[in-house]
Amino acid sequence: MPLYALTIFTGAFLLFLVQPLIGKYILPWFGGSPGVWTTCLLFFQTLLLGGYAYAHLTTTKLRPKQQATLHLILLVVSLAWLPIIPGASWKPTGGEEPTLRILFMLLACLGMPYLVLSATGPLLQRWFSLTHPHVPPYRLYALSNVGSLLALLGYPFVFEPLLSRTAQGYGWSVALVVFVGLCGFCAWQVRKLPDAPVANLAAPSNETGDLADADSTPSALDKFMWLALPAVASVLLMATTNKLCLDVAVVPFLWVLPLSIYLLSFILCFDHPRWYSQKLFGALFAAGCGSIVYLLHAGSGIRLPVQVSVYSLTLFAACMICHGELYRLKPTPKHLTKFYLLIAAGGALGGLVVAVIAPLIFNEYRELQLGLGILAYLTGVICLLYRSRSLVLGIAAGVLGLIVLIPILRTGLSNDLAKWFGQLYLEGKSFYAARWREILGMIVVMIVTLRASRGFRLSPEWRRRMAAFPLVCALLLGVVFTIQAAEDARSVVLASRNFYGTLKLHEYSADEPDSHYLLLAHGETTHGLQLQASAFAWRTTSYYGATSGVGRALDLLKGQRRIGLVGLGVGTLATYGQEGDTLHFYEINADIVSLAREHFTYLDQSPAKVEIALGDARLVMEQELARGEKQNFDLLALDAFSSDAIPVHLLTKEAFGIYLQHMRPGGVIAVHISNRYLDLRPVVEALAKHYQLHFATIDDQPEPDQWWLYGSTWVLLSTDKTFLEQSDIADSAQEPPDATANYVLWTDDHASMLKVLK
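Per-chain numbering applies: the sequence of each chain, read as written, is numbered from 1 onward. Predicted model: local features are reported for residues with pLDDT of at least 70 only, side-chain atom pairs are reported and counted for 80 or more only, and whole-chain, interface and lining totals are derived from all residues. Based on all heavy atoms of the structure, the side-chain values leave hydrogens and waters out of the count.

Caption draft 1: A look at the nonpolar core. The set of buried Ala, Val, Leu, Ile, Met, Phe, Trp, Tyr and Cys residues whose side-chain atoms join them within 4.5 Å is what this entry labels a nonpolar core. Whether a residue is buried, partly exposed or exposed follows from its accessible area with a 1.4 Å probe, protein chains only, as a fraction of its type maximum: under 20%, in between, or over 50%, in that order. Membership of the largest hydrophobic core comes to 136 residues, with the highest contact counts inside it found for Ile26, Phe44, Trp172, Phe179, Phe270, Phe285 and Leu372. Here, two residues are considered to be in contact whenever any of their heavy atoms come within 4.5 Å of each other. Sequence-distant contacts of phenylalanine 179, that is, excluding residues within four places in its chain, are made with Thr7, Thr10, Gly11, Leu14, Leu75, Val116, Leu117 and Thr120. Within the second largest apolar cluster, 39 residues are counted, among which are Leu556, Ile592, Leu595 and Trp714.

Caption draft 2: Highlighting the pairing of strand 11 (residues 712-718). Among the 7 residues in strand 11, 7 count as buried, and that is most of the element. A run of H or I in DSSP becomes a helix once it reaches four residues, and a run of E becomes a strand once it reaches two; helices and strands are each numbered from the N terminus. Both faces of strand 11 are covered, namely the face carrying Ser712, Trp714, Leu716 and Ser718 and the face carrying Thr713, Val715 and Leu717. Two strands form a pair only when DSSP identifies at least two bridges running between them. By the bridge criterion, 7 bridges tie strand 10 (residues 694-700) to strand 11 in an arrangement that is antiparallel. Within strand 11, the position partnered with isoleucine 698 by the bridge is tryptophan 714.

Caption draft 3: View of the pairing of strand 9 (residues 663-672). Taking burial as the measure, the 10 residues of strand 9 include 8 buried ones, the bulk of the element. In this sheet, strand 9 lies alongside strand 8 (residues 633-638) in parallel orientation, the contact comprising 5 bridges. The residue of strand 9 that forms the bridge with leucine 638 is valine 671. Pairing between strand 9 and strand 11: 5 bridges, direction antiparallel. Residue pairing in the sheet places valine 671 in a bridge with valine 715 of strand 11.

Caption draft 4: Focus on the confidence of the model for the chain. A score from 0 to 100, pLDDT tells how confident the predictor is in each residue. Per-residue confidence for the chain gives a mean pLDDT of 83; residues scoring 70 or more make up 85%. Counted against residues more than four places away or in other chains, residues 198-214, with its pLDDT under 50, gives 43 contacts. Confidence over residues 412-418 falls short of pLDDT 50; this stretch has 8 contacts with residues more than four positions distant or in other chains.

Caption draft 5: View of the packing of aromatic side chains. Stacked, tilted and edge-to-face are the three classes assigned to paired rings of Phe, Tyr and Trp, where Trp is represented by its six-membered ring and a pair needs centres within 6.5 Å; plane angles under 30 degrees give stacked, over 60 edge-to-face, the rest tilted. Under the definition given, this model contains 26 aromatic pairs. On the basis of an interplanar angle of 80° and a centroid distance of 5.9 Å, the ring pair of tyrosine 543 and tyrosine 544 is categorised as edge-to-face. Taken together through their ring pairs, the aromatic side chains of Tyr52, Trp226, Tyr262, Phe266, Phe270, Tyr327, Phe339 and Tyr340 make up a single cluster. For the cation-ring pair, lysine 330 lies above tyrosine 327, with the distance from its terminal atom to the ring centre recorded as 3.9 Å. We call a charge positioned over a ring when the NZ of a Lys or the CZ of an Arg lies within 6 Å of the ring centre and within 35 degrees of the ring normal.

Caption draft 6: The arrangement of the side chain of glutamine 45 in detail. Positionally, glutamine 45 belongs in helix 2 (residues 34-61). Side chain to side chain, glutamine 45 and serine 234 meet in a polar contact 2.8 Å long. Residues in contact with glutamine 45, not counting those within four places in the same chain, are Ser234, Met238, Ala344, Gly347, Ala348 and Gly351. N or O atoms within 3.5 Å of each other form a polar contact, as long as, within protein, one can give a hydrogen and the other can take it, and as long as residues adjacent in sequence are counted only when both atoms are side-chain atoms.

Caption draft 7: Spotlight on the sheet that holds strand 3 (residues 517-522). With antiparallel pairing, the 4 strands of this open sheet are ordered in space as 1-2-3-4. The open sheet has two edge strands, strand 1 (492-498) and strand 4 (525-531), and neither has a second partner. Neighbour-to-neighbour, the strand axes of the sheet open up by a mean angle of 15°, direction not taken into account. Strand direction decides the pairing type here: strand 3 and strand 4, joined by 6 bridges, are antiparallel. Fitted lines through C-alpha atoms give the axes, limited to the stretch in contact for helices. The angle between two N-to-C directions lies from 0 to 180 degrees.

Caption draft 8: Region of the structure containing empty space enclosed by the protein. Lining residues are those with an atom within 4 Å of a point, where the points come from a 1 Å grid over the protein atoms alone and group into cavities, where a 1.4 Å probe fits but cannot get out, or pockets, open sets with protein on both sides within 12 Å along at least five of seven lines. Grid points are joined across faces, edges and corners, and a volume is the space filled by probe spheres set on the points. Scanning all chains against the criterion turns up 6 cavities of 30 Å³ or more. For the largest cavity, the calculated volume is near 370 Å³. Taken together, 30 residues form the lining of the largest cavity, with Leu15, Phe16, Leu48, Tyr52 and Leu263 sitting closest to its centre. Contributing elements (two or more residues each) for the lining of the largest cavity: helix 1 (2-26), helix 2, helix 4 (98-131), helix 5 (138-162), helix 8 (252-271) and helix 11 (336-361). When residues in the lining of the largest cavity are grouped by element, the largest group, 7 residues, is from helix 4. Ten residues, namely Ala, Val, Leu, Ile, Met, Phe, Trp, Tyr, Cys and Pro, are considered nonpolar, four, namely Asp, Glu, Lys and Arg, are considered charged, and the remaining ones, Gly among them, are considered polar. In terms of residue class, the lining of the largest cavity is made up of 19 nonpolar, 11 polar and no charged.

Structure representation (structure tokens):
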């Protein structure tokens, strides 16, 4: 057994270590979009399905000696893919469809090794059940998930800080050679088994804790659940990851957190039935759904630690239900590979829904609500068809607990415990006072529902009508999500979604000509607005007013200027363009270019020459340098935000090295660092220190009556100290950092979010 355990552990470790490794490698090539990781997950889950299908077909159609021979051949062939580092030829040039390019690149660089690793778990567990017929193999599945979890946790805290991306790639390739040797030795042992069909070999007895009889054939309903439960868990995994990455940054830590939660649930559920309590996780899931309803309503008004905690705990409860019920429905080892095959198919189906289908049918991110609603319904189905009385009780407890939890969420968290409890009391008092009718109505509905079920009482017997309660709760949850979606779309006149995120064109104050304006939002962040009255249409708005850092710098630059702008938005900075100027925009999202041209007039009205380079700014600048096209910018403005997510690859040491090659002597780099959750000033100041640049940080807060202007923080960097010492900049700049200042230098190999969290 130690050989099988070591091989399965090693394979699972490499299987999940390569995921953040390859994702981080290609992330800067595609604009740092959350879609990069979503597409990677789709590839990994699809190849996992391929590996499980291979394991199922070989173990059911081939004799042990044939299985071992075939797998030995594939193990050797997989070494031809090494090293797995993608070549520069895979970098996009600007107009390609990102999803297909990423999938083909991953297939070319990682295809066969990942397929072989994916087959390791079910294949070696089946081999183990053949060589050790009286030892249950399911704990080996939990062990494989332990290896996966350790790989995920080890990447952001061990491998990423200590090793460069190239070293990580070569190190993983060497480790794969070791794995091939271990797996080859297992295959060689299997060749010694009796030359008889697999179906005739003895199968071990089943473990306790499942619903399937030891000699029974799985029903069609069981097989459906084997597919549906992992599919929903996969949808929630990817949807939660998208939510976290959109609000903070697309970094390995925020990939690892949801995936670690997902794997932890597998580990616990497949280790032993005692870890899965239907009452506990039913209550947590019900409370989590209600909490997410509130968070989606409150938006950015809730502090980030609270949001991350609620989304993570809800994901954990949901995955425990999915995988706990999956374990209870597990078959005898005779059907082991089919069981794992359908689990993998469900995971791939969930990935397909989020990465491919959802962008085609939704104009915004609705997968989280979809996944929660479907799982709520499935819990009702499980309660009804499998007589899960404990799950009903847990859901009821969670719903009742929401009455206490909602006021807590309204207050958030505070460092001052006494102040927090005082605020909690006031918030709770006002909440209940204003909404006592609604709360009373909820209680009445719950009582009526429970009475109608005619069996919801603390007795050991199952009552069929108990299932009415979770089914009604699922219906109500779907109704609430639908109402929220309708409210979110109230002011939206146009919405679109693609690989790079969601865009919404809002129209406000249409009945008030002087206040009528259009606003473009990317996620929850404004990308610009324009007043529609002709007298005010040329007015500079949002983050770019005359007193902002970039506004002051542009006003001080004289003569014919060449200005680079990373991030187009609606083209507001074109208002600073003068006759003879050139405005060179870099924009990765073609939909933004279309919206800026069709619904806003900044670009067309500007007297300056407007150029738009489509593609990731950093890659396009690299390509311009390779062609000998130095831009000689007088000013380069970095303003590329998707929601509050930070494009980390645009703020690294290597990125600034590229920017500086495009600057004329004494040119100014203006970095927009406004962010709800991260303090980016230490990052930009560290870059200034590294490249010996002078800098000034300007925090601009417009007058209240200038509602069309937003508060903003810009950092201006230049080799020309005298430019930054001019009164218009120096008098508004913040105090420079002292000797105790914290500097956080980001590189392509490592960028720590923890050090800059507010």
